[in-house]
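Here are the chains, one letter per residue:
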Amino acid sequence: MTTQAIVLLIVFLLSLLVLAYPLGTYLAQVGAPGTIRGLGGVAFFERVFYRLAGPKATADMNWKTYALSLLVFNAFGALFVYAIQRWQVWLPLNPQAFGNVAPDSAFNTAVSFVANTNWQGYAGETTMSYLTQMLALTCQNFFSAATGIAVVYALIRGFSSRGQSTAIGNFWVDITRSTLYVLLPLSILFAVILMAQGVIQNFSAYKEVALLDPVTYSQTQTNAKGEKVLDAQGEPVMEAITTTTQTLAMGPVASQEAIKMLGTNGGGFFNANSAHPFENPTPLSNLIEMLAIFLIPTALCFAFGRMVGDIRQGWAVLGAMTIIFVIMTLVVMGAEQQAHPGLQQLGVDQQASQLQSGGNMEGKETRFGISASALFAAVTTAASCGAVNAMHDSFMPLGGMVPLVLMQLGEVVFGGVGSGLYGMLVFAILAVFISGLMIGRTPEYLGKKIQAYEMKMTSIVILVTPTLVLLGTAIAVSVSAGTSSVANPGAHGFSEILYAFTSAANNNGSAFAGISANTPFYNTMLAIAMWFGRFAVIVPLLAIAGSLAGKIPAPVSAGTMPTHGGLFITMLIGVVLLVGVLNYVPALALGPIVEHLQLLVAP
Amino acid sequence: MSVLRPTLALFFLLTLLCGGVYPYLITGVGQLAFSNQSQGSLVNRDGKVVGSALIGQSFTSPHYFWGRPSATGPMANNAGASSGSNQGPLNPALIDAVTRRIETLRAVDPGNTLPIPVDLVTASASGLDPDISLAAAHYQIHRIARARELDESRVQQLIEAHQQQPWLGFLGEPRVNVLALNLALDELKN
């Protein structure tokens, strides 16, 4: 690990705090009814939206109505994304004349973008028309993030209510306000900044540019019908081709890039995602993108503190998240900076110096080097973003294990927009429950008694994703449809499958991208993992919110366990790590840990 | 069915706003304020577009600086289909590829005994990396000076003129843009 990496981490965390603290105050206002001073113009649009949405669009909802509205809205969104992909050839803004997306891939992508996963089985610049990118994918980047914020608002209201009713707010109001007041203005700001750095934004067809040095490459020869020409042995005939031009993919990238980060979505416009220079051109754009990923999840911690009337509660949750995040980041930074023993033997210079970053540069960009690639990897998997600026598949074994573990902790270390905080609050409930058992008192969190019903729902929330991950992985490694997609041999191949299901069920979306996931088997299996990983968590969570809302808060007494101090933060970290370790250590032992040992003994 | 009307109304209103108005607004801002960046930071020479400052090109002639290896198909640096190699650290194909790249570099520059910098023999993440480390640029001075019959110090000066250092010492890496460097090399000749 280099000094530069440490400085980068510290600057990143401080900048984040400076930006997120005021945004948290603002988010608390957006989550409460009423107009926000100085934003009358937005309020006008808001009222027009509610008028068109009908008389029930602003009425208070109990948790069941809230959940139903959420599910219908998201299911309709999935249908819409599927339809646009299947019809794109007949729709405008398709200068490269891309054909309709195959049914299984379109289904996977529709679920993926609705579930805030943005797993990509397809390659953006060779598959999706500009219209599909904008109307289907960019929109779901907004809506899935707004859905996450809505759910966390509902849960916070469950804690902060005085117990007079079981209402937890109104879903339509929550998504409309989250989009109009938060996501859209921030996206406009970030998109403009990213464009200034060099992120492209246009509707041109792909551009042909002249090369300085012509390129010769070999390709399988095809006949007039587009079939491969075979020689006498039945092998494809290769032909040498020299080209003097390069084709540059274009598109409305900046507008999608901004919300991709801010909404912790992570679905790249291009196949290489944020490693692509048109998505992430400079070290500064890279820092801005990392800040954008953590901005709303961090601000929501402060909003939570304000909405429950005790900012220290927000600090405690944020403190637990930050401690886990920093430890994990240091591990991946150290792992990636080390020299690859195999390359060492070949005499390759991997030492960090004034002239190079050194370290494991396979699958990394020169402008990001080791420090900014490792930090990005930790950020994108701590948050359920899943954008990548380096190929995680080529990380060193322990370096690649960090993103895997951060996802397996349930995406609660900052986590997704909304989903990170609601996930962490569920762990907080579990932590007070265990503490309550230890000291023999009825557990309370923020004045609300935690009882059998809440604990049942908490168990479901916590157990759904590990079940999906481990069952999915077990099925995939048992059938040839699962194992034939693997790119790397040995333990690393197992890691690719484990990573895919971990990423899908926890709604992250990054990949050990060597795996060929655009097959009917993986498209279906991963879509199932993504859908239930998202909505089988949200529904019991809303049930908790509804149950808590109806409870009269207990006054603070000498026997109340404080949930803002160091003891509680330690307890919370302990519970998160314990659940993660118990679920996943056997699987990790078969993947990255074995691989690490093999690397050490490799000749 | 009280769910249906708000679903449809809000879905299409928000779609219009986020999927229509918003991207066109950003495009408009881009055309007005960032006309070069929004179009791909294209580089011109003698009135002809010769690439993007942000996208790496493939260089294989001895008289040019070579960029990062690229794993895109069917040709290297295919900016219409970005991709990394996704080879794991223990994949024999990775060691094979690195070995081949070392052999190529040694064969074209037999007198050069410097250790080869890691970024010159490992594939970039996007397959389109426009930069190489300063170490990788320095490694190639010997070959280029010979191929162009230039003084090594002349090539060295060119690197120094184009190099980028980490901003404030922590943001970014010591690097140089390969296309810019090669365009400057061609200028020297004329």
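Nothing here was measured: the structure is a model prediction, and the numbers come from that model.

(A) Spotlight on the overall build of chain A. When you go through chain A residue by residue, the secondary structure sums to 19 helices and 5 strands. For chain A, the C-alpha radius of gyration of 24 Å lies close to 25 Å, the compact-globule estimate for 603 residues. For chain A, the spread of C-alpha atoms along the principal axes amounts to about 85 × 60 × 50 Å. Out of the 603 residues belonging to chain A, those deemed buried represent 63%. Carbon and sulfur atoms make up 67% of the accessible area of chain A, which totals about 19900 Å².

(B) How the structure looks around helix H8 (residues 253-262) of chain A. With 10 of its 10 residues buried, H8 of chain A lies for the most part within the structure. All buried positions along H8 of chain A are accounted for by Val-253, Ala-254, Ser-255, Gln-256, Glu-257, Ala-258, Ile-259, Lys-260, Met-261 and Leu-262 of chain A. Buried-residue contacts for H8 of chain A involve helix H6 (130-160), helix H7 (171-197), helix H9 (283-307) and helix H12 (369-382) of chain A together with helix H1 (4-33) of chain B. Looking one or two places after H8 of chain A, you find Thr-264 of chain A, whose phi comes out positive at around 45 degrees.

(C) Summary view of the layout of surface pockets. By volume, the largest pocket is sized at about 630 Å³. Of all the elements in the fold, those that place two or more residues in the lining of the largest pocket are strand E1 (207-220) of chain A together with helix H3 (92-108) of chain B. The biggest single contributor to the lining of the largest pocket is H3 of chain B, with 5 residues. Taken together, the residues that form the lining of the largest pocket break down as 13 nonpolar, 10 polar and 3 charged.

(D) Representation of the interface of chain A and chain B. Counting from both sides, the interface comprises 120 residues of chain A and, opposite them, 102 residues of chain B. In this assembly, chain A packs against chain B so that about 8800 Å² is buried in total across both faces, 69% of it on carbon and sulfur atoms. Looking at the side of chain A facing chain B, the largest losses of area belong to Leu-212, Glu-362 and Thr-366 of chain A, adding up to 9% of the total buried there. On inspection of chain A and its partner chain B, the count reaches 0 salt bridges. Here chain A is connected to chain B by 41 residue pairs in polar contact (both at pLDDT 80 or more). The biggest single contributor to the side of chain A that touches chain B is H7 of chain A, with 12 residues. Tallied by class, the residues present in the side of chain A that touches chain B amount to 69 nonpolar, 39 polar and 12 charged.

(E) Representation of the domain arrangement of chain A within the structure. Per the domain assignment, the segments of chain A are domain 1 (207-248) and domain 2 (417-601). Computed from C-alpha atoms alone, the centre-to-centre distance between domain 1 of chain A and domain 2 of chain A is 47 Å.

(F) Representation of the environment of Pro-174 of chain B within the structure. Topologically, Pro-174 of chain B is positioned in the loop between strand E5 (163-164) and strand E6 (175-177). When its relative accessible area of 6% is taken as the criterion, Pro-174 of chain B is described as buried. Sequence separation between Pro-174 of chain B and Ser-61 of chain B is 113 residues, and the spatial gap between their C-alpha atoms is 24 Å. Beyond its immediate sequence surroundings of up to four residues, Pro-174 of chain B is in contact with Gln-354, Leu-355 and Gln-356 of chain A together with Ile-132, Ser-133, Leu-134, Gln-164, Gln-165 and Pro-166 of chain B.

(G) Inspection of the pattern of salt bridges at higher detail. Under the defined criterion, the tally for this structure stands at 13 salt bridges over all chains. A salt bridge links Glu-257 of chain A to Lys-260 of chain A, with the shortest nitrogen-to-oxygen separation between them at 3.0 Å. Here Glu-257 of chain A pairs with Lys-260 of chain A, and both are found in helix H8, just 3 residues apart, close to one helical turn. Here Glu-257 of chain A and Lys-260 of chain A have matching classes, each one buried. A salt bridge links Asp-129 of chain B to Arg-68 of chain B; the shortest N-O distance between them is 3.1 Å. Of this pair, Asp-129 of chain B sits in the loop between strand E3 (116-117) and strand E4 (131-133) while Arg-68 of chain B is found in the loop between strand E2 (48-52) and H3, placing the two residues 61 residues apart along the sequence. A residue is classified by how much of its surface remains accessible, and Asp-129 of chain B, at 3% relative accessible area, is buried.

The rules behind these values
Residues numbered from 1 in each chain as written. Chains lettered and ligands numbered in written order. Predicted model: local features only at pLDDT ≥ 70, side-chain atom pairs only at ≥ 80, totals over all residues. Heavy atoms only, no water. Helix = DSSP H or I, 4+ residues; strand = E, 2+ residues; numbered from the N terminus. Rg over C-alpha atoms; globule rule 2.2 N^0.38 Å. Buried < 20%, exposed > 50% of the residue type's maximum accessible area, 1.4 Å probe, protein only. Areas by Shrake-Rupley, 256 points an atom, 1.4 Å probe, with all protein chains shown as cover. Contact = heavy atoms within 4.5 Å. 1 Å grid on protein atoms, 1.4 Å probe; cavity = no way out; pocket = protein on both sides within 12 Å on 5 of 7 lines; lining within 4 Å. Points joined across faces, edges and corners; volume = space filled by probe spheres on them. Nonpolar A, V, L, I, M, F, W, Y, C, P; charged D, E, K, R; others polar. Buried area = accessible area lost by both parts, 1.4 Å probe. Salt bridge = Lys/Arg side-chain N within 4 Å of Asp/Glu carboxyl O. Polar contact = N/O pair within 3.5 Å; in protein donor to acceptor, adjacent residues only side chain to side chain. Domains from an automatic or database assignment.

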